[in-house]
Amino acid sequence: MLRRQLMAALAGLALAGPAYARCEDWVPQPKPQNASRDIVGQDLDQIVERGFIDFAAYEDFAPWSYEDKGKPVGVDIEIGRLIAQDLGVEARFHLVPAGENLDADLRNNIWKGPVIGGRVSNVMLHVPYDSDYACRVDQVVFTGQYAAEQIAIAYREEAYPEEKPVPAYFRFDTVAVENDSISDFYLTSFAGGQLAQGVRRYPSYAAAMGALAAGETMAAMGPLAQLEAGAAPGIGIHQPPLAGFAVSRWTVGVAVHMRYRALGYAVDDAIRAGLEDGRIAAIFAAHGLTHLVPER
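This text gives an overview of the structure that appears in the document.

Definitions and cut-offs
- Residues numbered from 1 in each chain as written.
- Predicted model: local features only at pLDDT ≥ 70, side-chain atom pairs only at ≥ 80, totals over all residues.
- Heavy atoms only, no water.
- Helix = DSSP H or I, 4+ residues; strand = E, 2+ residues; numbered from the N terminus.
- Buried < 20%, exposed > 50% of the residue type's maximum accessible area, 1.4 Å probe, protein only.
- Arc of directions from axis to C-beta.
- Contact = heavy atoms within 4.5 Å.

1. Re the environment of His257
Working step 1: On the secondary structure map, His257 appears in strand β11 (residues 249-257).
Working step 2: The buried category is assigned to His257, whose relative accessible area is 2%.
Working step 3: Separated by 145 residues in sequence, His257 and Lys112 have C-alpha atoms that sit 9.2 Å apart.

Now the structure itself:
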């Protein structure tokens, strides 16, 4: 499941660093050889000449990227269209499943291609950024940070009329999480497992928020955007300090193959322009979401 894969990748990383990699102490390790050029994405000139750019976006990942009536929709899809517009080309999307981990996703969608079927894309959207991780993945350039994500708590306002809930409340109160998500890991390990009895697991954040709205739980915990996407009347959301949470906020951007740095620069310029002129904030607002500005 996508959220599980992304959150597990983040949970395994150290504290998120600044938006530029600190690789001074990194010693390159043996790595698989890059695939031959004929199956790797095109450079910027080829993309402009042919008139379209291919984006890989995660499937079933509302509100970021998902299919509605046979068409890709979501915030990440609109970000891709913004990039394509600035490059003067058509945006085309491939909704892809999550692999075992982020390494596999980048290998399958950016620099090598899947073992069976499929093909690489020019740009992969919604890639979590970590400076130490970026040092270890030489085949990919991480750029174009366009938003941040942060863990938040949604709650039924009638259940908390005075004080908003914090994790310590869940020793007695019930809280919905996506199964095997970073919120699940955090709550079940917090304070020696004292909160585990209040945790209620659901297959997705949408299901968790549905359970909250139905009164099955008193609160829900997860990434802010996914909580906001599933919020209903009478549901409040806040972002309290989370003691002992190593990665409660992270940056998301895009990935391109290391051979095509000119494309990476062009994509980064498009995203920077969209941040500066308000188009990216407007995309989030149109989806009813808070745009958390990334550290660049």
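2. Quick notes on helix α10 (residues 279-286)
Working step 1: Every buried residue belonging to α10 is among Ile280, Ile283 and Phe284, and all of these are buried. End-on, the buried residues of α10 take up no more than an arc of 95°, which puts them together on one face. The outward face of α10, more than 90 degrees from its buried face, is lined by the exposed residues Ala285 and Ala286.
Working step 2: Close packing links the buried residues of α10 with α3 (75-87), β6 (140-156) and α9 (261-276).
Working step 3: Positive backbone phi, at 70°, marks Gly288, one or two positions downstream of α10.

3. Points about the environment of Lys164
Working step 1: Within the element layout of this structure, Lys164 appears in the loop between β6 and β7 (175-178).
Working step 2: When its relative accessible area of 44% is taken as the criterion, Lys164 is described as partly exposed.
Working step 3: Once the C-alpha coordinates of Lys164 and Pro240 are considered, the two residues, 76 residues apart in sequence, prove to be 8.8 Å apart.
Working step 4: What Lys164 contacts, discounting residues up to four positions off in sequence, is Tyr155, Tyr169 and His238.

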